[in-house]
Amino acid sequence: MTRLLREVFSPALEFVRNFGAMALFLVQLLRYTPSTIFRRFGLIVGQVYNAGALSIVIIMVCGLFVGGVLGLQAFANLERFNAEEATGILAAFALVKEIGPVITALLFAGRAGTALASEIGLMKATDQLSAMEVMAVNPMQRVLVPRFLGGIISVPLLTAVFTMVGLLGAHLVAVELLGVDVGAFWQQLQQAMDVEDVYEGIIKSVVFGIVASLLAVWEGYSAVPTAEGVGRATTRTVVATAIAVLILDFMITAYLI
Amino acid sequence: MRQNLAVEIGTGLFVLLGIGALFFLTTQTTGRNDFSNTDTYTVEARFENVGSLKTRAPVAMSGVTIGRVTGIEFDGASLEAVVTLVIDSRFDQIPDDSDASILTAGLLGSQYIGLQAGGSEIYLEEGSEILFTQSAIVLENLIGKFLVNSGSDEE
């Protein structure tokens with residue numbers, strides 16, 4: 001009987017334990033953040049390059065086409081009401097408030113998060129983290145915190161680039177391809193949007209950056225130190241980030257709207 | 001060392017691009033003409049009913065935006081809505097007997113304040129009040145009146 005209970009409840013218990021361990025890990029990361037910023041700034045720059053600068057191409061290509069398809073869909077449906085000029089408003093609101101932050105976070109998880117998780121997992125599997133400790137190098141400062149901070153800095157910047165390129169894509173499709181008046185497109189867009197709308201997108205991108213970076217670093221750090229374990233950690237990074245980002249997106253929107 | 005330099009330049013370019021994009025989003029996609037960084041003066045107008053007028057709504061004269069609504073409050077003593085308008089100082093020759101009315105842009109557009117010039121020699125200035133105002137047209141009231149009238153016609 002107790003065995004049955006244990007088997008039923010152990011996944012739930014495991015989930016709660018995992019969550020607690022992750023929270024403690026976050027506290028550790030934050031504890032070493034100030035000293036890493038002052039002593040290991042170069043490492044953070046290197047990680048911004050890895051996670052951010054190297055993701056810029058995929059972000060721009062995806063942004064261009066997402067913006068373009070938004071322009072197409074908005075135009076096709078607004079045309080029925082003779083309101084093609086509002087294409088810009090629709091595309092801009094969708095991009096700035098929802099699609100920009102969410103898709104950037106998902107792309108970041110796929111492009112950079114997996115790399116972080118497998119890198120850290122492999123370091124753990126090959127005992128590099130333990131070796132650092134033996135050499136009196138703190139792996140927190142040397143490996144984990146720079147990757148965490150690099151992700152946090154990169155995601156909001158990537159989101160801004162994605163949104164800007166997306167607007168450009170919407171402009172190309174709506175104005176150049178479908179013939180919406182360029183003045184109407186931008187003027188209506190500027191009149192409809194407030195600075196608060198842009199802030200909402202920025203707040204989301206910052207939160208998603210923290211969540212995506214934390215999950216990637218955590219999954220790598222907590223990976224089972226085998227080849228299979230590292231593979232599973234990589235998968236779990238993408239799944240966990242996608243779920244967390246989409247749930248948080250709903251919660252932030254509900255709170256800010 | 002070489003490689004390090006390339007990384008730093010790449011990161012720098014990325015960060016600059018990101019900040020540039022943020023700047024673009026906050027300045028180019030949001031409503032300009034908010035008169036927050038030009039010289040302005042503030043006037044008040046009292047309305048019986050402001051309808052669905054919102055703060056930041058434009059104040060227009062001859063169809064050109066010359067200011068914004070910055071505050072809408074209810075005066076409990078006179079039972080009227082007090083609307084605060086901010087007008088660009090370049091337009092300092094608006095007669096003080098001008099007429100302010102709440103209009104709607106298009107059939108389903110948002111509401112704005114339209115000023116109709118008066119004939120006075122005294123101009124509006126900081127703190128003055130627009131005395132002649134016309135309330136927003138509330139569609140429900142209009143329909144109500146129309147129904148009542150058409151009902152009485154049949155008698």
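### A word on the overall build of chain B
Piece 1. Along chain B, the regular secondary structure elements total two helices and eight strands.
Piece 2. Secondary structure elements of chain B, listed N to C terminal, follow the sequence α-β-β-β-β-β-β-β-β-α.
Piece 3. Expressed as a percentage of the 155 residues in chain B, the buried residues total 22%.
Piece 4. Considering only intrachain contacts with a sequence separation of at least 6, the fraction spanning at least 24 residues in chain B is 63%.

### A look at the overall build of chain A
Piece 1. Helices and strands together make up the secondary structure of chain A, namely nine helices and zero strands.
Piece 2. Starting at the N terminus and ending at the C terminus, chain A contains elements arranged as α-α-α-α-α-α-α-α-α.
Piece 3. Considering only C-alpha atoms, chain A reaches an extent of 65 × 55 × 30 Å along its principal axes.
Piece 4. If you take every contact in chain A between residues at least 6 apart in sequence, the share linking residues at least 24 apart comes to 87%.

### Some points on the sheet that holds strand S3 (residues 64–75) of chain B
Piece 1. Strand order in the open sheet formed by eight strands is S7-S1-S4-S3-S2-S6-S5-S8 (chain B), with mixed pairing between adjacent strands. The open sheet is flanked by strand S7 (129–130) and strand S8 (132–134) of chain B, the only strands paired with a single partner.

### Describing the confidence of the model for chain B
Piece 1. When pLDDT is averaged across chain B, the result is 82; 88% of the residues are at 70 or more.
Piece 2. Model confidence for the complex: the whole-complex pTM is 0.77, and ipTM, which rates the interface, is 0.80.

### Quick look at the pairing of strand S6 (residues 111–116) of chain B
The side chains of a regular strand alternate, first on one face of the sheet and then on the other.
Residue and element names in this part refer to chain B.
Piece 1. Pairing analysis gives three bridges linking strand S2 (residues 58–61) to S6, with the strands arranged parallel. Its bridge partner being in S6, alanine 60 is matched across the sheet by glycine 114.
Piece 2. The pairing of strand S5 (residues 99–104) with S6 spans six bridges and is antiparallel. Within the sheet, the bridge partner assigned to leucine 103 lies in S6 and is tyrosine 112.

### Points about helix H4 (residues 87–125) of chain A
Piece 1. Along H4(A), the sharpest change in direction is near 55 degrees and occurs at A:Leu95.
Piece 2. Positive backbone phi, at 60 degrees, marks A:Asp127, one or two positions downstream of H4(A).

### What to know about the environment of B:Ser135
Residue and element names in this part refer to chain B.
Piece 1. Inspection of the secondary structure puts serine 135 in the loop between S8 and helix H2 (139–153).
Piece 2. Remark: the alpha-carbon pair of serine 135 and phenylalanine 47, spanning 88 residues in sequence, is separated by 5.6 Å.
Piece 3. Not counting residues up to four positions away in its chain, the partners in contact with serine 135 are Phe47, Glu48, Asn49 and Ile102.

### Details of the packing of helix H3 (residues 56–78) of chain A against H4(A)
Residue and element names in this part refer to chain A.
Piece 1. The interhelical angle for the contact between H3 and H4, taken along N-to-C directions, is 145 degrees, at an axis separation of 10 Å. The two elements H3 and H4 cross, and the hand of that crossing is right-handed. Facing H3, whose interface residues are Ile58, Ile59, Cys62, Val66, Gly67, Leu70, Gly71, Ala74, Phe75 and Leu78, H4 presents Thr87, Leu90, Ala91, Ala94, Leu95, Ile99, Ile103, Thr104, Leu107 and Arg111.
Piece 2. Residue composition of the contact of H3 with H4, by class: 15 nonpolar, four polar and one charged.

### Observations regarding helix H8 (residues 195–221) of chain A
Piece 1. Its 27 residues give H8(A) an end-to-end C-alpha distance of 39 Å, which sits within 8% of 39 Å, the value for a rise of 1.5 Å per residue.
Piece 2. Extensive coverage of H8(A) is indicated by the burial of 19 of its 27 residues.

### As for the environment of A:Gly52
Piece 1. Looking at the secondary structure, you find A:Gly52 in the loop between helix H2 (41–51) and H3.
Piece 2. Owing to 27 C-beta atoms within 10 Å, A:Gly52 belongs among the buried residues under this scheme.
Piece 3. Along the chain, A:Gly52 and A:Leu158 lie 106 residues apart, while their C-alpha atoms are 6.9 Å from each other.
Piece 4. Dropping the residues within four chain positions of it, A:Gly52 is found in contact with A:Ile153, A:Ser154, A:Leu157, A:Leu158 and B:Phe14.

### Quick notes on unusual backbone geometry
Piece 1. Even without a glycine there, the phi angle at A:Asn82 is positive, about 55 degrees.
Piece 2. Given 8 C-beta atoms within 10 Å, A:Asn82 falls into the exposed group.
Piece 3. In the Ramachandran plot, B:Leu79 falls in the positive-phi region, its phi being about 55 degrees despite a non-glycine side chain.
Piece 4. Among the structural elements, B:Leu79 can be located in the loop between S3 and strand S4 (80–88).
Piece 5. Residue classification places B:Leu79 among the exposed positions, given that 8 C-beta atoms sit within 10 Å.

Definitions and cut-offs
Residues numbered from 1 in each chain as written. Chains lettered and ligands numbered in written order. Predicted model: local features only at pLDDT ≥ 70, side-chain atom pairs only at ≥ 80, totals over all residues. Helix = DSSP H or I, 4+ residues; strand = E, 2+ residues; numbered from the N terminus. Buried ≥ 20, exposed ≤ 12 C-beta atoms within 10 Å, placed from the backbone. Contact = placed C-beta atoms within 7 Å. Pairing = 2+ DSSP bridges. pLDDT = per-residue confidence, 0-100. Bend = angle between axes of the 7 residues up to and from the residue. Axes fitted to C-alpha atoms, helices over the stretch in contact; angles between N-to-C directions. Left-handed = near helix turned anticlockwise from the far one by under 90°. Nonpolar A, V, L, I, M, F, W, Y, C, P; charged D, E, K, R; others polar. Expected span 1.5 Å × (residues − 1).

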